[in-house]
Amino acid sequence: MQHIREKYNKIYKVQMPDVTPHVCRHTFCSNMANSGMNPKTLQYIMGHSDIGVTLNTYTHIGYEDASREMKKVSNA
């Protein structure tokens, strides 16, 4: 992936950020958690022995995520 990024950045003015397969794992885990996947299932898919690694290290949430969840609660 680094070779592709370097080649792209030599050609185009808008530079591609440093994206690694590890960054893709974090993105996948966050997207699956945000979609409502069962945390234990996600832990299994990610290959983590500790659920804390899955939820506290690999899953990233932001204001929009919290806001969306609060709207769900207020509509119930």
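Fair warning: this is a prediction, and the values are worked out from it, not measured in the lab.

Asker: I keep staring at the packing of helix α2 (residues 21-34) against helix α3 (residues 39-46) and nothing clicks. Help me out?
Answerer: Packed helix pairs are specified by the crossing angle of their axes together with the interaxial distance, meaning the distance between the axes. Contact pair α2 / α3: the axes reach a minimum separation of 10 Å and the direction vectors enclose 160°. Considering the angle they form, α2 stands roughly antiparallel to α3. The handedness of the crossing between α2 and α3 comes out as right-handed. Within the contact between the two elements, α2 uses Arg25, Phe28, Cys29, Met32 and Ala33 and α3 uses Leu42, Ile45 and Met46. Looking at the contact of α2 with α3, its residues break down into seven nonpolar, no polar and one charged.

Asker: Help me understand helix α5 (residues 63-75) in this model?
Answerer: For an α-helix, the turn length of 3.6 residues means that residues three or four places apart are oriented alike. In this model α5 runs 18 Å from its N-terminal to its C-terminal C-alpha over 13 residues, within 8% of the 18 Å that 1.5 Å per residue would give. The buried count for α5 comes to one of 13 residues, which makes it a mostly uncovered element.

Asker: Would you mind going over the packing of α2 against helix α4 (residues 51-58) with me for this structure?
Answerer: Two numbers describe how α2 lies on α4: the axes approach to 9 Å, and their chain directions differ by 100°. The angle between α2 and α4 places the two elements in the roughly perpendicular class. Across from His22, Arg25, His26, Cys29 and Ser30 in α2, the residues of α4 making contact are Thr54, Thr57 and Tyr58. Of the residues contributing to the contact of α2 with α4, the split by class is two nonpolar, five polar and one charged.

Asker: Explain the pattern of salt bridges here, please?
Answerer: Following the criterion strictly, the structure yields three salt bridges and no others. We note a salt bridge from glutamate 69 to lysine 72, for which the minimum N-O separation is 3.2 Å. Of the two residues, glutamate 69 and lysine 72 both sit in helix α5, three residues apart, roughly one turn of that helix.

Asker: I keep staring at a nonpolar patch on the surface and nothing clicks. Help me out?
Answerer: On the surface, Met1, Val19 and Val23 cluster together to form a nonpolar patch covering roughly 230 Å² of accessible area. Here valine 19 shows up in the loop between α1 (2-11) and α2. With relative accessibility at 32%, the residue valine 19 sits in the partly exposed group.

The rules behind each value
- Note on numbering: residues in each chain are counted from 1, in written sequence order.
- Predicted model: local features are reported for residues with pLDDT of at least 70 only, side-chain atom pairs are reported and counted for 80 or more only, and whole-chain, interface and lining totals are derived from all residues.
- Working from all heavy atoms in the structure, the side-chain values ignore hydrogens and water.
- Structural elements are reduced to axes, namely lines fitted to C-alpha atoms, with helices fitted over the stretch in contact, and the angle between N-to-C directions of any two is expressed from 0 to 180 degrees.
- Going along the chain from the N terminus, every DSSP run of H or I of four or more residues is numbered as a helix, and every run of E of two or more is numbered as a strand.
- An angle below 35 degrees is read as roughly parallel, one above 145 as roughly antiparallel, one from 65 to 115 as roughly perpendicular, and any other as oblique.
- Left-handed describes a crossing whose near helix is turned anticlockwise from the far helix through less than a right angle; right-handed describes the clockwise counterpart.
- We call two residues in contact when some of their heavy atoms are within 4.5 Å.
- Three residue categories are used. Nonpolar comprises Ala, Val, Leu, Ile, Met, Phe, Trp, Tyr, Cys and Pro, charged comprises Asp, Glu, Lys and Arg, and polar comprises the others, including Gly.
- The span expected for a helix works out to 1.5 Å for each residue beyond the first.
- Burial classes: relative accessible area under 20% of the type maximum marks a residue as buried, over 50% as exposed, and values in between as partly exposed (1.4 Å probe, protein chains only).
- The working definition used for a salt bridge is a side-chain nitrogen of Lys or Arg within 4 Å of a carboxyl oxygen of Asp or Glu.
- Exposure above 30% relative accessible area and the absence of a salt bridge qualify a residue for a patch, where like charges join within 9 Å and nonpolar side chains (Val, Leu, Ile, Met, Phe, Trp, Tyr) within 5 Å.
- Surface exposure here means Shrake-Rupley accessible area, sampled with a 1.4 Å probe, where a residue is shielded only by the protein chains that are shown.

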